[in-house]
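Structural description and commentary
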Amino acid sequence: MRNTNPAERARKSVRAPKTQSALGAIVKALRTRAGLTLTELAEKGDLAASTISKIESGQLSPGYETIQRLAIGLGVEVAELFQPRVEPVSTGRRGVTRRGQGVRHTSEHYEYEALASDLSRKQFLPLFATIKARSHQQFGPLPSHEGEEFVYVVSGSIALHSEHYEPLTLHEGDSVYFDSRTGHALVSTGPEEARIVWICSDRDALQKHQENAHE
């Protein structure tokens, strides 16, 4: 018998998010599974309903801060928004991502490739990213969010702009660890767009939101 359950169909549609619009499909599937309207998700994630609608339809490519707000509103971890499917947690697990086969998402400033996206409930979000931005002024107010981040420069050079420090220039082989709650932005400074390994912690924001919801 053909399955007519809309939530189940939504889950099945999130199979191979290889394009930018895949993020929108995943958001819509998770929202449907949670039984949330656009307005309800907007209230939970402190976003405009029109913004979520544009993300779901592929008309808007959100930055990391907006993605994190979506995760909070949906009650999931940021990593789940980059996953082709949601898997149960098991012990002794392992995730492998072959070259160029991570789940991709492109924003105005960065191009992300989520690694180990086949694993859910990770302790951190590993990304391989290309830095498209060339000036911190492209960001407006420097974005900030809960958690911590680690950046390792694979090729090219970047500048880390943050609220409490002078701009930090990093070259191939350099790395930095910083508090995500401080406004920050990465920009490429060399002739070619820099490529980095970017590890983000997002569990603190979700845990805080869940604790507040139960108070």
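Everything below is about the structure shown above.
Residues numbered from 1 in each chain as written. Predicted model: local features only at pLDDT ≥ 70, side-chain atom pairs only at ≥ 80, totals over all residues. Heavy atoms only, no water.

1. Here we look at unusual backbone geometry
Keep this limit in mind: A 1.4 Å probe rolled over the protein chains alone gives each residue an accessible area, and that area as a share of the maximum for its type sets the label: buried under 20%, exposed over 50%, partly exposed in between.
Although it is not a glycine, D46 adopts a positive phi angle of roughly 55°. For D46, a relative accessible area of 58% translates into the label exposed. A positive phi angle is found at A116, which is not glycine, with a value near 55°.

2. Re the sheet that holds strand β6 (residues 165-171)
This is how it is decided: We treat two strands as partners when DSSP finds at least two bridges between them. To qualify as a helix, a DSSP run of H or I must reach at least 4 residues; to qualify as a strand, a run of E must reach at least 2; elements of each kind are numbered from the N terminus. An axis is simply a line fitted to the C-alpha atoms; with a helix, the fit covers only the stretch in contact. Between two such axes, the angle follows the N-to-C directions and lies from 0 to 180 degrees.
With antiparallel pairing, the three strands of this open sheet are ordered in space as β6-β5-β8. Looking at the sheet topology across the chains shown, the edges are occupied by β6 and β8 (184-188). The mean angle between the axes of side-by-side strands here comes to 20°, regardless of whether they run parallel or antiparallel. Sheet topology places strand β5 (residues 157-162) next to β8; five bridges connect them, and they run antiparallel. In the strand pairing of β8, S162 is matched with H184.

3. Overview of the environment of H164
Structurally, H164 can be placed in the loop between β5 and β6. We classify H164 as exposed; its relative accessible area is 61%. Here the alpha-carbon distance between H164 and T182, two residues 18 residues apart in the chain, equals 7.6 Å.

4. Considering the sheet that holds strand β1 (residues 103-106)
Sheets are built from strands that pair by backbone hydrogen bonding, the pairs being arranged parallel or antiparallel. Here six strands make up an open sheet; going across it, the order is β1-β2-β3-β9-β4-β7 and the pairing antiparallel. Two strands lie at the open edges of the sheet, namely β1 and β7 (175-179), each paired on one side alone. With strand direction ignored, the average angle separating the axes of adjacent strands in the sheet is 25°. The sheet contact formed by strand β3 (residues 125-131) and strand β9 (residues 195-200) spans six bridges and is antiparallel. From the neighbouring strand, F128 faces β9, where its bridge partner is V197.

5. Concerning the packing of helix α3 (residues 38-45) against helix α4 (residues 49-56)
Axis angle and axis distance: for two packed helices, these are the angle between their axes and the distance between the axes, and together they describe the pair. In plain terms, the rule: Our angle categories are set so that under 35 degrees counts as roughly parallel, over 145 as roughly antiparallel, 65 to 115 as roughly perpendicular, and the remainder as oblique. We call a crossing left-handed when the near helix sits turned anticlockwise from the far one by less than a right angle, and right-handed when that turn is clockwise. We call two residues in contact whenever any of their non-hydrogen atoms come within 4.5 Å of each other. The residue classification treats Ala, Val, Leu, Ile, Met, Phe, Trp, Tyr, Cys and Pro as nonpolar and Asp, Glu, Lys and Arg as charged. All others, Gly included, are polar.
At their nearest, the axes of α3 and α4 sit 8 Å apart, and the two run at 110° to each other. By the angle class used here, α3 and α4 are roughly perpendicular. Two packed elements cross with a definite hand, and for α3 against α4 that hand is right-handed. On α4, the residues that touch L38, T39, L41 and A42 of α3 are A49, I52, S53 and E56. Residue classes in the contact of α3 with α4 are distributed as five nonpolar, two polar and one charged.

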